[in-house]
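Geometric and topological summary
Spelled out, the chains give:
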There are 4 protein chains.
Amino acid sequence: MSRFVVGVMGPGEAAGQEDMELAYELGGLIAREGWVLLTGGWRSGVMDAASRGAKGAGGLVVGVLPTPDSEGMSDAVDIPILTGMREARNLINVLSSRVLFFVGMSAGTASELALALKTGRPVILVRPSEDVLIAFSRIAGGRIESADGPEGAMRIARELLEAGRANPPGKSG
Amino acid sequence: MSRFVVGVMGPGEAAGQEDMELAYELGGLIAREGWVLLTGGWRSGVMDAASRGAKGAGGLVVGVLPTPDSEGMSDAVDIPILTGMREARNLINVLSSRVLFFVGMSAGTASELALALKTGRPVILVRPSEDVLIAFSRIAGGRIESADGPEGAMRIARELLEAGRANPPGKSG
Amino acid sequence: MSRFVVGVMGPGEAAGQEDMELAYELGGLIAREGWVLLTGGWRSGVMDAASRGAKGAGGLVVGVLPTPDSEGMSDAVDIPILTGMREARNLINVLSSRVLFFVGMSAGTASELALALKTGRPVILVRPSEDVLIAFSRIAGGRIESADGPEGAMRIARELLEAGRANPPGKSG
Amino acid sequence: MSRFVVGVMGPGEAAGQEDMELAYELGGLIAREGWVLLTGGWRSGVMDAASRGAKGAGGLVVGVLPTPDSEGMSDAVDIPILTGMREARNLINVLSSRVLFFVGMSAGTASELALALKTGRPVILVRPSEDVLIAFSRIAGGRIESADGPEGAMRIARELLEAGRANPPGKSG
């Protein structure tokens, strides 16, 4: 029986202070739930904050890096997955996560959100801007799930899981 | 001296009639300009329409497919690039195109637009919806180029080229 | 401080009985050493045997799958990394492993051995056939490390680690 | 009807003088046959020599690069495919080629030969060393095709094509 892996996606260098606080808290909640956290692995922004939050709560952290080595990797990553494939690794982040939380927005993050919609992975936007929520809901062909904060986001994730909508690993899209 | 390759990105099955007409016309203009057309290669929607447009005007068409074979490939593709990498091929579409035109919108298309912004490739949206333009301009950190139709889009592409902003192959990203 | 991840590569369906016994034993030794095991993730052959060996010894197992879902995944995988990239995932196996053990040989395994040589990752062949050892030593430009069995292979891996040749994550290839 | 694309794989910097002469001649024969040449795109070794040979004979050359830009690309490449995926691009070379010629040997080349065997693409080794031929024939589970020179290699390729064994694009592995 494999572990339940969930992703937290968000900006690196461009992340705001609020995004990082939300990500840190969310990382902690994920760890306390017994889930494994997966991020893009960088030592900056939302990726680093979520990883430190999970680590601080005793969780396990997987970092899927775009690079062939771990230069610039968050110190809180337990399992480095080195892809050497630049942003092509974004597909791996999306496919490997049974639920994807999005905190903040950037071009890289938007590509992961779009790929999650494309491949049918469940997504939850944490405190999104209204224009991002509108545009991506239109792209998704229906209202995307969103939450005011980490607690609400976790509640939605648990509901998706109970409703069987957090893709069981062998039945995904 | 390598050929000038430009991409036309857009929905497959989900494309509307207007998108396909715009894409067909744009493909023809690209071919008549002497440029090579690159698309995602499918025999549907914007990809197929642009490819047929370019082919009809005597152009050369490269199709970069997500599959390991050419099942489902547009008949108008001259050079099939078979990746077997699913949507990870979207990064290749973006990196290989010196200018990217977007006609219509879908989750897959949005991932390519986001990757183009991430990697600094010049993008031109053809007749975009207002909410997509607003959301992605915010993500890009500045107004994205857009045009009312194929002629206008080509004019912008030529200006980018003259201004040296259509990445010369050895100086990109 | 991230965990020390090592790979065991080898045939799936085509694996022989001896290869699977060697892989099972090696997986156990890796787990008892406190290292994380990484494999290609399938529920067959060397990948499955090494994973079950590590799991049986209380270890942590990462499976990097070529598929977009976990259909066919070894039951002993703790952390599924779903790539959807077919054999392009072989590069990830290689880059993410600080030492690579090879047990048995097949076309897929040979591609991983070749990529490990290409990217400079340390490799150890466990009980290789003489012609494979000769051909790949010539390709490597020097004798490749090999061992008669799992115990000997672990000894070489520890020596590489002590000699600083098991790439520290931030200084690789 | 798409063009018939064939690959010539071989070492870059490490190529010997003889390999480059063979590759140059082979590139010319491929172009005169009306086939499109695909290589790994570098301005060195077998890739560059084959590309220049094809170009000199009026052919069309596709270069599939591991980099996100065309720094270091052979001047004889007409269509640059920029992947940014390092050696993961080797899978693309293999899948996109309906026949693969191998001239010389290196770690990168060996990974492409192994992937071709794995994915069932037809391969022809041009003047291989005996130990490489033996090892890879064993890995392939049967004698691999080989030729003494470019003319012989082309003859085998034509026979494969006539026998229907050069994968039709929509029926591959």
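Heads up: the structure comes first, above all this text.
A quick note: this is a predicted structure, and the numbers were derived from the prediction, not measured.

Rules used throughout
- Residues numbered from 1 in each chain as written.
- Chains lettered and ligands numbered in written order.
- Predicted model: local features only at pLDDT ≥ 70, side-chain atom pairs only at ≥ 80, totals over all residues.
- Heavy atoms only, no water.
- Helix = DSSP H or I, 4+ residues; strand = E, 2+ residues; numbered from the N terminus.
- Rg over C-alpha atoms; globule rule 2.2 N^0.38 Å.
- Buried < 20%, exposed > 50% of the residue type's maximum accessible area, 1.4 Å probe, protein only.
- Contact = heavy atoms within 4.5 Å.
- Areas by Shrake-Rupley, 256 points an atom, 1.4 Å probe, with all protein chains shown as cover.
- Salt bridge = Lys/Arg side-chain N within 4 Å of Asp/Glu carboxyl O.
- Least-squares fit on C-alpha atoms with pLDDT ≥ 70 in both.
- Buried area = accessible area lost by both parts, 1.4 Å probe.
- Polar contact = N/O pair within 3.5 Å; in protein donor to acceptor, adjacent residues only side chain to side chain.
- Nonpolar A, V, L, I, M, F, W, Y, C, P; charged D, E, K, R; others polar.
- Phe/Tyr/Trp six-rings, centres within 6.5 Å; stacked < 30°, edge-to-face > 60°.
- Pairing = 2+ DSSP bridges.
- Axes fitted to C-alpha atoms, helices over the stretch in contact; angles between N-to-C directions.
- Expected span 1.5 Å × (residues − 1).
- Right-handed = clockwise from strand over helix to strand, strands pointing away.

1. Topic: the overall build of chain A
The helix and strand inventory of chain A stands at six helices and seven strands. Helices and strands in chain A line up, N terminus first, as β-α-β-α-β-β-α-β-α-β-α-β-α. Its C-alpha atoms give chain A a radius of gyration of 14 Å, near enough to 16 Å, the size a compact globule of 173 residues would have. Over its C-alpha atoms, taken along the principal directions, chain A stretches across nearly 40 × 35 × 30 Å. For chain A, the residues scored as buried account for 69% of the 173 residues in total. For chain A, the proportion of contacts with a sequence separation of at least 24, taken over those separated by at least 6, is 61%. Just so you have it, chain A exposes about 5900 Å², and 46% of that area is on carbon and sulfur atoms.

2. Looking at the pattern of salt bridges
Where charged atoms from two side chains of opposite charge come close, those side chains can pair. Scanning the model with the defined rule gives 24 salt bridges over all chains in all. Asp78 of chain B is the salt-bridge partner of Lys55 of chain B, the closest N and O atoms lying 2.3 Å from each other. Taken together, the positions of Lys55 of chain B in helix H2 (residues 45-56) and Asp78 of chain B in the loop between strand E3 (61-65) and strand E4 (79-82) put the pair 23 residues apart, joining distant regions of the chain. In this structure Lys55 of chain B comes out as partly exposed when scored by relative accessible area, which is 32%. By relative accessible area, Asp78 of chain B is classed as buried at 6%. Among the salt bridges present, the one from Arg158 of chain D reaches Glu33 of chain D, with a minimum N-O distance of 3.1 Å. Of this pair, Arg158 of chain D sits in helix H6 (residues 150-162) while Glu33 of chain D sits in the loop between helix H1 (17-32) and strand E2 (36-39); the two residues are 125 residues apart in sequence, bridging distant segments of the chain.

3. Considering the relation of the copies chain C and chain B
The operation relating chain C to chain B is a screw motion whose rotation component is 180°, with 0.0 Å of axial translation and a residual RMSD of 0.0 Å. Taken together, the rotation and translation describe the operation of a two-fold axis. Closest approach to the rotation axis among the C-alpha atoms of chain C is made by Met85 of chain C, whose C-alpha sits 2.0 Å away. Both copies share a contact surface, since 100% of the interface residues of chain C are interface residues in chain B too.

4. Here's the deal with the interface of chain C and chain B
The interface is formed by five residues belonging to chain C together with five residues belonging to chain B. When chain C packs against chain B, close to 420 Å² is buried across both sides, 67% of that on carbon and sulfur atoms. At the boundary of chain C with chain B, the tally comes to zero residue pairs in polar contact (both at pLDDT 80 or more). Residues that form the side of chain C that touches chain B fall into these classes: three nonpolar, one polar and one charged.

5. Quick notes on the side chain of Thr109 of chain D
Residue and element names in this part refer to chain D. Along the chain, Thr109 turns up in helix H4 (residues 107-119). Given a relative accessible area of 1%, Thr109 falls into the buried group. Side-chain polar atoms of Thr109 contact the side chain of Ser106, separated by 2.9 Å. Beyond its immediate sequence surroundings of up to four residues, Thr109 is in contact with Met9, Gly10, Pro11, Phe102 and Gly104.

6. A closer look at the interface of chain C and chain A
Each side of the interface is counted separately: chain C has 32 residues, and chain A has 32 residues. Both faces considered, chain C and chain A share a buried interface measuring about 2500 Å² in area, 61% of it formed by carbon and sulfur atoms. Taken together, chain C and chain A are joined by zero salt bridges. Counting across the interface, chain C meets chain A through eight residue pairs in polar contact (both at pLDDT 80 or more). If you list the elements that add at least two residues to the side of chain C that touches chain A, you get strand E2 (36-39), strand E4 (79-82) and helix H3 (89-96) of chain C. Of the residues assigned to the side of chain C that touches chain A, the class counts are 19 nonpolar, seven polar and six charged.

7. Some thoughts on the packing of aromatic side chains
All names here are of chain B. Counted under the stated rule, the structure contains six aromatic pairs over all chains. Between Phe4 and Trp35, the aromatic rings sit 5.0 Å apart at their centres with planes inclined by 50°, giving tilted as the arrangement. Separated by 31 residues along the polypeptide, Phe4 in the segment before strand E1 (5-9) and Trp35 in the loop between helix H1 (17-32) and strand E2 (36-39) bring together distant segments of the chain. Phe4 sits in the buried class, given a relative accessible area of 11%. Overall, Trp35 belongs to the buried group, its relative accessible area being 7%.

8. Overview of the sheet that holds strand E6 (residues 123-126) of chain B
Strands belonging to one sheet form pairs held by backbone hydrogen bonds; the direction of such a pair is parallel or antiparallel. Residues and elements named next belong to chain B. Across the sheet, which stays open at both edges, the seven strands sit in the order E4-E3-E2-E1-E5-E6-E7 with parallel pairing between neighbours. Edge positions in the sheet fall to E4 and strand E7 (145-147), since each of these pairs with one other strand and no more. Put simply, the sheet's adjacent strands are angled 25° from each other on average, direction ignored. Relative to E7, E6 is paired through three bridges, and the arrangement is parallel. Bridge pairing links Leu125 to Ser146 in E7. Sheet strands in contact with H1 are E1, E2, strand E5 (100-103) and E6, and its direction is about 155° off that of E5.

9. So, helix H6 (residues 150-162) of chain A
All names here are of chain A. In this model H6 runs 18 Å from its N-terminal to its C-terminal C-alpha over 13 residues, within 8% of the 18 Å that 1.5 Å per residue would give. Looking only at H6, the buried set comprises Pro150, Gly152, Ala153, Met154, Ile156, Ala157 and Leu160. Looking at the buried residues of H6, the elements they touch are helix H1 (17-32), strand E5 (100-103), strand E6 (123-126) and strand E7 (145-147). With its phi angle positive at about 75°, Gly164 sits one or two positions after the end of H6.

10. A closer look at unusual backbone geometry
Residues other than glycine seldom take positive phi values, yet Arg86 of chain B does so here, at roughly 50°. With respect to the helices and strands, the residue Arg86 of chain B is situated in the loop between E4 and helix H3 (89-96). Even without glycine at this site, Arg127 of chain C takes up a positive phi of about 45°. Its place among the elements puts Arg127 of chain C in the loop between strand E6 (123-126) and helix H5 (130-140).

11. Regarding helix H3 (residues 89-96) of chain D
Counting buried positions along H3 of chain D gives eight out of eight residues, so the element sits mostly inside the fold. Residues Arg89, Asn90, Leu91, Ile92, Asn93, Val94, Leu95 and Ser96 of chain D constitute the buried set of H3 of chain D.

12. Looking at the pairing of E1 of chain B
Residues and elements named next belong to chain B. Burial runs high along E1: five of the five residues are buried. Of the two faces of E1, the one lined by Val5, Gly7 and Met9 and the one lined by Val6 and Val8 are each fully buried. Across three bridges, the pairing between E1 and E2 is parallel. Its bridge partner lying in E2, Gly7 is registered against Leu38. One crossover worth recording links E1 to the parallel E2 by way of H1, and it is right-handed.

13. Digging into the pairing of E4 of chain B
Residues and elements named next belong to chain B. Burial along E4 is two-sided: Ile79 and Ile81 and Pro80 and Leu82, pointing in opposite directions, are all buried. Relative to E4, E3 runs parallel, the two being bridged by four bridges. Across the sheet, residue Val62 finds its bridge partner in E4, namely Ile79.

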